[in-house]
Amino acid sequence: MSSAGETTPLLPAHLYVHVPLCRSKCAYCDFYSLPLAGVTEDVSTIAGSLAAQARAWLARDVEPQRLKSIYIGGGTPSLLGLELAGLVALLTTWFPLAPDAEVTVEANPESLDPVLARALADAGVTRVSLGVQSLDDAILSFLERPHDAATARAAAQAVREAGLALSLDLICGIPGQTTQSWIDTLEGALVLRPEHVSVYPLVIEAGTPLSAAVAIGDVPEPDPDVAADMMLLAQHVLAQAGFARYEVANYALPGAESRHNTAYWTGASYLGVGPGAHGMLDATTASAVGFVPARGEDVARLRYSVVCDLREGLTPMPRLDIEVLTAAETRREDVMLGLRLARGVPADQAAVAGAASALETLRAAGLVELVDSRWRTTERGWLLGNEVFSAVWAGE
Ligand code: SF4
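Along each chain, residue indices are assigned from 1 in the same order as the chain's sequence is written. Per-residue local features are limited, in this predicted model, to residues with pLDDT of at least 70; the limit for side-chain atom pairs, both in listing and counting, is 80 or more; totals at the level of whole chains, interfaces and linings are taken over all residues. Computation of side-chain values covers all heavy atoms of the structure but excludes hydrogens and water.

## As for the domain arrangement of the protein chain
For step 1, the next point in the chain: Residue ranges assigned to the domains are those given by an automatic or database domain assignment. Assigned domains of the protein chain: these are domain 1 (14-263) and domain 2 (333-394).
For step 2, the next point in the chain: The distance between the C-alpha centroids of domain 1 and domain 2 comes to 28 Å.
For step 3, the next point in the chain: Residue-level contacts link 9 residues of domain 1 with 8 residues of domain 2.
For step 4, the next point in the chain: Once two parts are brought into contact, the accessible area they lose, counted with a 1.4 Å probe and summed over both, makes up the buried area. Three residues stand out in domain 1 for area buried against domain 2, namely Arg245, Glu247 and Val248, and they jointly supply 54% of the buried area on that side. Only heavy atoms matter for contacts: two residues are in contact if any of them lie within 4.5 Å across the pair.

Here you go:
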């Protein structure tokens, strides 16, 4: 029990569960996931192990609080089939939800049918994030996605018919992708009536098959100017349909912003469960669960990543790689994350974080602006986001 003046350590109000399975690996992907064919455990065992990792947090010496969001991502959670609905049902039994909680699952078109969509809705899922990426079959084939455009449309329809909110992921700046192909994808996506759309430029990640193909000249390097133009085109097409860009890569109809992802960008704590998942704890909770190395250290925030391998089995309490942030680093991180949001960060918060001088330099370069006493990233700044975020983090 906490004494007077101490804060009661609470488990975070947001939970992320990583499902490390995919039908096959897409050419550009460096997320931690294994192709289903290479995994010996069945999906029921995997779902049960992930549930056990989540439940193990309830055995620690901290108070649970009602969850405002659960996000089951991956990987391809929908590959768990009806076991995914069972996982959601277990999690929502063990972790009571706040009245208006958001419960999102990621799904891929090839593994989401009307039966699964209905079962997810019955289990308490409120929202599906569907990995469509493109509605051009040639582009999907280039990316080595395990579905075609017709399958993506059918999966989106299943989500709508189950009464679930729909978010679509799309990728632009792909070698061989024409402007017309991108426009067709954007317009085709709107026909599917999503409330939320995420738009990412293709990034060539080291160690992926696409990176190898670029290295030997089989595939041209994506052109950042083309990707920037396509991002602007997306903003234009989506704005005309009533979508506001509320974060660098995310658009929503009014009130349909992702509450889970917004928690990441506003410094809220969250639990991460499953191989490769990340979590974040405040210092009080981190100390209560014994994660802060030494008392008296300047620790305000703790980030962790879950280190375990599906091929070796998932234990309820896997090893965590831990990174601690000081109070000053935490304040700078909050400003850096806040600049991802369209609403930006209050100028006085940035000043207290010691980021004012870095922001003035970025303003001179046209990457941020000061509007109504809030620092906001400009259009150009969003296109050069890493420059903005790293300058604020470095405090330069
Ligand atoms: S489906 Fe998603 S997580 Fe799986 S390999 Fe493709 S991009 Fe990666």
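## A few points about the site of the ligand
For step 1, the next point in the chain: In these notes, residues near a molecule or strand are those with any non-hydrogen atom within 4 Å of it. By nearness alone, every residue bordering the ligand is listed as Cys22, Ser24, Lys25, Cys26, Tyr28, Cys29, Phe31, Gly75, Thr76, Asn108 and Arg145.
For step 2, the next point in the chain: Residue polarity follows a fixed list, in which Ala, Val, Leu, Ile, Met, Phe, Trp, Tyr, Cys and Pro are nonpolar, Asp, Glu, Lys and Arg are charged, and the others, Gly among them, are polar. When its residues are assigned to classes, the shell around the ligand shows 5 nonpolar, 4 polar and 2 charged.

## Thoughts on the packing of aromatic side chains
Working definition: an aromatic ring pair is given by the centre-to-centre distance plus the angle between the planes.
For step 1, the next point in the chain: Note on ring pairs: Phe, Tyr and Trp rings are taken, using the six-membered ring of Trp, and paired if centres are within 6.5 Å. Classes follow the plane angle, with under 30 degrees stacked, over 60 edge-to-face and the rest tilted. For the structure on display, the rule yields 5 aromatic pairs.
For step 2, the next point in the chain: Ring geometry for Trp57 versus Phe291: centroids 6.0 Å apart, planes at 80°, classification edge-to-face. Separated by 234 residues along the polypeptide, Trp57 in the loop between helix H1 (43-56) and strand E4 (67-74) and Phe291 in the loop between helix H10 (283-288) and strand E13 (301-307) bring together distant segments of the chain.
For step 3, the next point in the chain: The buried label goes to any residue with under 20% of its type's maximum accessible area, the exposed label to any with over 50%, and the partly exposed label to all in between, with areas taken from a 1.4 Å probe on protein chains only. Accessibility expressed as a relative area gives 4% for Trp57, which makes it buried.
For step 4, the next point in the chain: On the basis of relative accessibility, which here comes to 13%, the residue Phe291 falls in the buried class. Runs of H or I in DSSP of at least four residues are treated as helices and runs of E of at least two as strands, each being numbered from the N terminus.

## Notes on the environment of Asp282
For step 1, the next point in the chain: Checked against the element boundaries, Asp282 lands in strand E12 (residues 278-282).
For step 2, the next point in the chain: Each C-alpha atom, one on Asp282 and one on Pro12, is 8.6 Å from the other, the two residues being 270 residues apart in sequence.
For step 3, the next point in the chain: Excluding residues that lie within four positions of it along the chain, Asp282 makes contacts with Ser269 and Ala300.

## Things to note about the state of the cysteines
Such a bond, covalent and formed between the sulfur atoms of two cysteines, is termed a disulfide.
For step 1, the next point in the chain: By disulfide we mean two sulfur atoms from cysteines, separated by a distance within 2.5 Å. Across all of its chains, the model carries 0 disulfides by this definition.
For step 2, the next point in the chain: You can see Cys172 has no disulfide; the closest cysteine sulfur is in Cys26, sitting 17 Å from it.
For step 3, the next point in the chain: The class for Cys172 is buried, based on a relative accessible area of 0%.

## Comments concerning the side chain of Arg127
For step 1, the next point in the chain: Residue placement: Arg127 occurs in strand E6 (residues 127-133).
For step 2, the next point in the chain: Despite being buried, Arg127 has no salt bridge partner; Glu102 is the closest side chain of opposite charge, sitting 4.2 Å away.
For step 3, the next point in the chain: Discounting chain neighbours no more than four positions away, the residues touching Arg127 are Tyr71, Glu102, Val103, Thr104, Val105, Leu164, Ala165, Ser167, His196 and Ser258. The sign given to each residue is positive for Lys and Arg and negative for Asp and Glu; His and the chain ends receive no count. When a carboxyl oxygen of Asp or Glu is within 4 Å of a side-chain nitrogen of Lys or Arg, the pair counts as a salt bridge.

## Digging into a nonpolar patch on the surface
For step 1, the next point in the chain: What makes a patch is a set of residues exposed beyond 30% relative accessible area and free of salt bridges, joined within 9 Å when like-charged and within 5 Å when nonpolar (Val, Leu, Ile, Met, Phe, Trp, Tyr). Using the Shrake-Rupley algorithm and a 1.4 Å probe, accessible areas are obtained, with residue cover drawn only from the displayed protein chains. A surface patch of nonpolar side chains, amounting to about 200 Å² of accessible area, comprises Leu232, Leu383 and Leu384.
For step 2, the next point in the chain: Structurally, the position occupied by Leu383 is in helix H14 (residues 379-383).
For step 3, the next point in the chain: Residue Leu383 is classed as partly exposed on the basis of its relative accessible area, which comes to 35%.

## Here's the deal with the environment of Ala286
For step 1, the next point in the chain: Considering the arrangement of structural elements, one finds Ala286 in helix H10.
For step 2, the next point in the chain: Along the backbone, Ala286 and Val62 are 224 residues apart, and their C-alpha atoms lie at a distance of 9.5 Å.

## Some remarks on the pattern of salt bridges
For step 1, the next point in the chain: Counted by the stated rule, this structure contains 11 salt bridges.
For step 2, the next point in the chain: Asp100 is paired through a salt bridge with Arg259; the nearest N and O atoms lie 3.8 Å apart. Remark: Arg259 occurs in helix H9 (residues 259-265) and Asp100 occurs in strand E5 (residues 97-107); sequence separation between them is 159 residues.
For step 3, the next point in the chain: Exposure remark for Asp100: the relative accessible area of 53% places this residue in the exposed category.
For step 4, the next point in the chain: Ionic pairing is found between Arg363 and Glu360, a salt bridge with its closest N-O pair at 3.2 Å. Here the residue Arg363 and the residue Glu360 both occupy positions in helix H13 (residues 356-364), the gap between them amounting to 3 residues, near one helical turn.
For step 5, the next point in the chain: Relative accessible area serves as the criterion here: at 35%, Arg363 is assigned to the partly exposed category.
For step 6, the next point in the chain: A single network of salt bridges, built from pairs that share partners, joins Arg301, Arg303, Glu333 and Asp334.

## Some details on the packing of H13 against helix H15 (residues 385-394)
For step 1, the next point in the chain: Axis definition: a line fitted to C-alpha atoms, limited for helices to the stretch in contact. Angles are taken between N-to-C directions and run from 0 to 180 degrees. The interhelical angle for the contact between H13 and H15, taken along N-to-C directions, is 155°, at an axis separation of 8 Å. Considered as vectors, H13 and H15 are oriented roughly antiparallel to each other. For H13 against H15, the interelement crossing comes out right-handed. Residues Ala358, Leu359 and Leu362 of H13 form the contact with H15, whose own contacting residues are Glu387, Val388, Ala391 and Val392.
For step 2, the next point in the chain: Grouping the amino acids of the contact of H13 with H15 by side-chain chemistry returns 6 nonpolar, no polar and 1 charged. Orientation labels follow simple angle bins: below 35 degrees gives roughly parallel, above 145 gives roughly antiparallel, 65 to 115 gives roughly perpendicular, and whatever is left gives oblique. Here a crossing is called left-handed whenever its near helix is offset anticlockwise from the far helix by less than a right angle, and right-handed whenever the offset is clockwise.

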